[in-house]
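Examining the three-dimensional arrangement
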Amino acid sequence: MVQKGPRPLVLCGPSGSGKSTLLKRLLKEFPDKFGFSVSHTTRGPRPGEINGVHYHFTNKEDMTAAIAKGEFLETACFSGNMYGTSKQAVNDVRCSGRICVLDIEIEGVKQVKTTDLNPLLVFVMPPSIEELERRLRARNTEQEDALKKRLETARKEIVYGQEPGNFHIIILNDNLDKAYSELRDFLSKNMEEKERAVLRGF
Ligand SMILES: Nc1ncnc2c1ncn2[C@@H]1O[C@H](COP(=O)(O)OP(=O)(O)OP(=O)(O)O)[C@@H](O)[C@H]1O
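My aim in this report is to walk through the structure given alongside it, one point at a time.

**Brief notes about the overall build of the protein**
Helices and strands together make up the secondary structure of the protein, namely eight helices and nine strands. Relative to the 2.2 N^0.38 estimate, which gives 17 Å for 202 residues, the radius of gyration of the protein is 16 Å and therefore close to what a compact globule would have. Along the longest, intermediate and shortest principal axes, the C-alpha atoms of the protein span 45 × 40 × 35 Å. Split into buried and exposed, the 202 residues of the protein put 49% on the buried side. Taking as baseline every contact in the protein between residues at least 6 positions apart, the subset at least 24 positions apart corresponds to 66%. Only carbon and sulfur atoms are counted for the fraction: they give 51% of the accessible area of the protein, which is about 10,400 Å². Side chains of the protein give 31 positive and 28 negative charges; the mean places of these two sets differ by 2 Å.

As structure tokens, then:
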């Protein structure tokens, strides 16, 4: 059971579209208002990633067992690794009185839509596949075959993301300042009155 609290925010978009960058900025500007739901993953940590902060790093066996026990709100396999949001992760943020932000894949979005979480759904759109590839290469976190897989997946994600009704807003991230200000405006307009009151500065 996920506890009641302010309406969560879901950020979705192809790998490299800029979700983490936007999220980092939101959390930096409003550290007391938003909290990141820490996902589980079976992929290995990237340099600088801290267990329990960026992800709960786990293994296939433990994660499969926890899913079977109904501990997850959504799970997805991506580039050969498992990812998921535990009910505990969302509850931890909600208990702190902050708005919970989920950074999840399309498959996860579809699952979350079947729960009573009722999140605001934001799709972060890259300017083009070519620019996405350029950003992913510049980030330098993926091997060549993993990068190719991400780009293949991105094409399908962009189709789903653009289908009317799948997301509340599509934010084109061709310019970071513009994309962030669109996200901020969207949140300000769509948070309920009592939540908006919490977001001083909006
Ligand atoms: N508007 C932008 N213009 C140029 N570069 C950008 C822009 N937004 C993000 N980037 C850069 O693109 C790269 C990918 O961004 P980021 O890591 O935030 O993507 P992501 O969607 O969170 O990816 P993943 O799902 O793989 O974690 C980063 O190096 C980031 O600095």
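**Quick word on the sheet that holds strand β5 (residues 72-78)**
The strand order β4-β3-β6-β5 describes an open sheet built from four strands, whose pairing is mixed. Two strands close off the open sheet at either side, each with one partner strand: β4 (56-57) and β5. The sheet contact formed by β5 and strand β6 (residues 81-86) spans six bridges and is antiparallel. Its bridge partner being in β6, Thr75 is matched across the sheet by Gly84. Sheet contacts for helix α3 (residues 87-95): β5 and β6; angle to β6, the most-contacted strand, approximately 40°.

**A look at the packing of aromatic side chains**
Counted under the stated rule, the structure contains five aromatic pairs. With centroids separated by 6.2 Å and ring planes inclined at 65°, the aromatic side chains of Phe30 and Phe34 adopt a geometry described as edge-to-face. A single burial state applies to Phe30 and to Phe34, both of which are buried. In this structure an aromatic cluster arises from ring pairing among Tyr55, Phe57 and Tyr83. Sitting above the plane of the Tyr160 ring, Lys110 keeps its charged end 5.0 Å from the centroid.

**Thoughts on the packing of helix α5 (residues 129-139) against helix α6 (residues 144-162)**
At their nearest, the axes of α5 and α6 sit 11 Å apart, and the two run at 145° to each other. Where α5 crosses over α6, the two elements pack in a sense that is right-handed. On α6, the residues that touch Ile129, Leu132, Glu133, Leu136, Arg137 and Arg139 of α5 are Glu144, Leu147, Arg150, Leu151, Ala154, Arg155 and Ile158. In the contact of α5 with α6, the residues fall into seven nonpolar, no polar and six charged.

**Topic: the nonpolar core**
Counting 24 residues, the largest nonpolar core has Val10, Cys12, Val109 and Phe167 as its most contacted members. Secondary-structure elements contributing two or more residues to this core are β1 (9-12), α3, β7 (99-103), α4 (106-112), β8 (120-125), α5 and α6. For Val109, the residues in contact, after removing those within four places along its chain, are Val10, Cys12, Ile104, Leu121 and Phe167. Residues Phe30, Leu120, Ile169 and Leu183 belong to the second largest nonpolar core, which totals 20 residues.

**A closer look at the site of the ligand**
Within the structure, the ligand sits among 15 residues, and Ser15, Ser20, Thr21, Arg139 and Asn173 are positioned closest to it. Here a nitrogen atom of the ligand and a side-chain polar atom of Arg135 are 3.3 Å apart. Expressed as a share of its isolated accessible area of 640 Å², the protein-covered part of the ligand is 77%. Broken down by element, the shell around the ligand gets its largest block of residues, three residues, from helix α1 (residues 19-29).

**Overview of the state of the cysteines**
Inspection of every chain in the model, using the stated rule, returns zero disulfides. Free of any disulfide, Cys12 has its nearest neighbouring cysteine sulfur in Cys100, separated by 15 Å. In this structure Cys77 is a free cysteine whose sulfur lies 16 Å from that of Cys12, the closest cysteine sulfur available.

Calculation rules
- Within every chain, residues take consecutive numbers counted from 1 along the sequence as written.
- Under the rules for a predicted model, residues below a pLDDT of 70 receive no local features and side-chain atom pairs below 80 are neither given nor counted, while totals for whole chains, interfaces and linings still include all residues.
- Water and hydrogen atoms play no part in the side-chain values, which are based on all heavy atoms of the structure.
- Think of it this way: any DSSP run of H or I at least four residues long counts as a helix, any run of E at least two long counts as a strand, and we number them from the N terminus.
- Restricting the calculation to C-alpha atoms gives the radius of gyration, and the globule rule supplies 2.2 Å times the number of residues raised to the power 0.38.
- Exposure categories follow from relative accessible area, calculated using a 1.4 Å probe and restricted to protein chains: below 20% of the type maximum is buried, above 50% is exposed, and the middle band is partly exposed.
- Any two residues whose heavy atoms approach within 4.5 Å are treated as being in contact.
- Under the convention used here, a 1.4 Å probe and the Shrake-Rupley method define accessible areas, while residue burial counts only the protein chains that appear.
- For the purpose of charge, His is not counted, nor are the chain termini; Lys and Arg are scored as positive and Asp and Glu as negative.
- For the purpose of locating charges, the reference atoms are NZ of Lys, CZ of Arg, CG of Asp and CD of Glu.
- Pairing between strands is defined by DSSP: at least two bridges between the two strands are required.
- For helices, the fitted line uses only the C-alpha atoms of the stretch in contact; every axis is such a line through C-alpha atoms, and the angle between N-to-C directions lies from 0 to 180 degrees.
- For Phe, Tyr and Trp, rings pair up if their centres lie within 6.5 Å, where Trp contributes its six-membered ring, and each pair is then called stacked (planes under 30 degrees apart), edge-to-face (over 60) or tilted (otherwise).
- Placement of a charge over a ring requires the Lys NZ or Arg CZ to be within 6 Å of the ring centre, with the centre-to-atom vector within 35 degrees of the ring normal.
- Helix crossings are classified by the rotation of the near helix relative to the far one: an anticlockwise turn of less than a right angle makes the crossing left-handed, while a clockwise turn makes it right-handed.
- We call Asp, Glu, Lys and Arg charged. Ala, Val, Leu, Ile, Met, Phe, Trp, Tyr, Cys and Pro are nonpolar, and the rest, Gly among them, are polar.
- Put simply, a nonpolar core is a bunch of buried Ala, Val, Leu, Ile, Met, Phe, Trp, Tyr and Cys residues held in one set by side-chain atoms that sit within 4.5 Å of each other.
- Residues are counted as near a molecule or strand when any one of their heavy atoms sits within 4 Å of it.
- Under the rule applied, a polar contact is a pair of N or O atoms within 3.5 Å (in protein, one hydrogen donor and one hydrogen acceptor; residues adjacent in sequence only if both atoms are side-chain atoms).
- Only a pair of cysteine sulfur atoms within 2.5 Å counts as a disulfide in this structure description.

Taken by themselves, the reported measurements are silent on function.
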